[in-house]
Every structure is written in C-alpha cells, then in structure tokens.
Amino acid sequence: FREAPRKISLEPESSRWLLWLHAGLLTAGLGMVLVLWMAATLWLFQDRRLRQSSWQRRVSRFKLPSLESLSALCERSIQLAFSSWGLGLFLALLTAMLRWQHGMAGEPQANAWWLDSKVIATTLLWGALACAFQLSISASHGRRWLYKSYVGLSTLFIIFFSWVMLGGHSLIHEPLSWFI
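Just so it is clear, the structure is predicted and the values come from calculations on it, not from any experiment.

Draft legend 1. Representation of the overall build of the chain. For the chain, the count of helices and strands is 6 helices and 0 strands. Its helices and strands taken in sequence order, the chain reads α-α-α-α-α-α from the N to the C terminus. The 180 residues of the chain split such that 34% are buried. Here the analysis covers contacts within the chain between residues at least 6 apart in sequence; of these, 76% occur between residues at least 24 apart. If you sum the accessible surface of the chain, you get close to 11700 Å²; carbon and sulfur atoms cover 65% of it.

Laid out in structure tokens, this is it:
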C-alpha cells in the first residue's frame, strides 16, 4: 500500500523572504561586477603608468594602488560576484519550482516560468560571470589582455543587466522600479 506523494508548498511569507534574498544576492553580484570593472580599469591605468619613464611618473599628481592589490581585488570581486549571482539564481529557481511545481491552474507562469525572459537573462549573465571566473583561475595575473577581458566582460554584463532591468515585460517578475 503506497502513500500519495506530499506536495511541498511555499508559504507567502517564506516566498517573500526568498524573493528578497534572491534580489539582494543578485544586487550584491552586480555590485561586485562594478568593483571588478573599476579595479580592472585602474589596473590598466597603473600598468600603463608604470611603463612610463620615472620622470613622467613623478609629474603625476595622483597615486594608484599597486598592481598586486588591484589584481587581488579583481580576483576577489569575481569570486564574490560569481558565487553571489549563482546563489541568487539558485534561490530564484528554487522558489519558482516550489511555487509553481504542480502547474496551478489559472496562473500563466506555472507551466513555463523557466522560459521567462528575465530567468533566461539571469542565467546568461551567470554564464558570463562563469567565463570571468574561469579566466581568473586559469590565466596569469600579470597579463594586460586578462584585465582588458575583465573590463569587456563587466561592461557587457552591466549593459545587458541594465537592458534587462529597463526593458521587457515578464510573466513572473514584479516591476523592478524599486531597484532602478
């Protein structure tokens, strides 16, 4: 004699907390991408500055952090952005699965929530962070192309994120005017 499988459901208060946690983690990931963009850009400026003669460097009125500290900041921000964004995406997918796992009648998002434009975009952005994370692990940290790649990837990330946030309607997402 078999028992019927129990349905796991999510209480509204739990759902709200998971959604806020998901949004907070994605926001933290975006913040780390902004730090990556800034640190990689400063690394490129400092590298160019160090290639100048000592007389040209003495004339400069501003001082930049060392290449080593900027490199460490880039590496740490990639790690934090990748893990924060990944955890935020995981919580969003978990919340959606628990909320709409049985295809509740009358809810248009119940059957195809995973095809939502913002779910797909968030997953693609995590893929871009995975590329940057893989670069940080496998590449030598003194290479200009690495930091140019960081600037390019983070710029594309920020532009695509802004495009997703400002445009397009979503079946499952609330308007995100509080974020913008």
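Read on, since the account is not over.
Draft legend 2. Here's a closer look at the side chain of serine 136. The residue serine 136 is located in helix 5 (residues 117-138) in this model. The class of serine 136 is buried, set by a relative accessible area of 5%.

Draft legend 3. Up close: the side chain of glutamine 46. Inspection of the secondary structure puts glutamine 46 in helix 1 (residues 12-50). A relative accessible area of 6% places glutamine 46 in the buried class.

Draft legend 4. Just helix 6 (residues 144-166), in detail. Under the 1.5 Å per step criterion, the end-to-end length of helix 6 is 33 Å for 23 residues, consistent within 8% with the ideal 33 Å. Restricting attention to buried positions, one finds in helix 6 the residues Leu146, Tyr147, Tyr150, Val151, Ser154, Phe157, Phe161, Val164 and Met165.

Draft legend 5. Here's a closer look at empty space enclosed by the protein. Tallied over the entire structure, the rule returns 1 cavity of 30 Å³ or more. Considering only enclosed or pocket space, the largest cavity measures out at about 40 Å³ in volume. Along the walls of the largest cavity sit Val33, Leu36, Ala128, Leu129, Ala132, Leu153, Ser154 and Phe157, which together make up its complete lining. Considering only residue class, the lining of the largest cavity consists of 7 nonpolar, 1 polar and no charged.

Draft legend 6. Representation of helix 5. Compared with an ideal rise of 1.5 Å per residue, which puts 22 residues at 32 Å, helix 5 spans 32 Å between its outermost C-alpha atoms and is within 8% of the ideal. Taken together, the buried positions of helix 5 are Lys118, Val119, Ala121, Thr122, Leu125, Leu129, Ala132 and Ser136. Down the axis of helix 5, the smallest arc covering the buried residues is 160 degrees, so these residues share one side. Opposite the buried face of helix 5, at more than 90 degrees from it, the exposed residues are Leu124, Ile137 and Ser138.

Draft legend 7. View of the environment of arginine 144. The residue arginine 144 is located in helix 6 in this model. In the structure, arginine 144 is positioned 100 residues away from leucine 44 in sequence and 7.0 Å away in space, judged by C-alpha atoms. When residues no more than four places from it in sequence are discounted, the contact partners of arginine 144 are Trp43, Leu44, Asp47, Arg48 and Arg51.

Conventions used here
Residues numbered from 1 in each chain as written. Predicted model: local features only at pLDDT ≥ 70, side-chain atom pairs only at ≥ 80, totals over all residues. Heavy atoms only, no water. Helix = DSSP H or I, 4+ residues; strand = E, 2+ residues; numbered from the N terminus. Buried < 20%, exposed > 50% of the residue type's maximum accessible area, 1.4 Å probe, protein only. Contact = heavy atoms within 4.5 Å. Areas by Shrake-Rupley, 256 points an atom, 1.4 Å probe, with all protein chains shown as cover. Expected span 1.5 Å × (residues − 1). 1 Å grid on protein atoms, 1.4 Å probe; cavity = no way out; pocket = protein on both sides within 12 Å on 5 of 7 lines; lining within 4 Å. Points joined across faces, edges and corners; volume = space filled by probe spheres on them. Nonpolar A, V, L, I, M, F, W, Y, C, P; charged D, E, K, R; others polar. Arc of directions from axis to C-beta.

Such coordinate-based values are descriptive only and should not be taken to indicate function.
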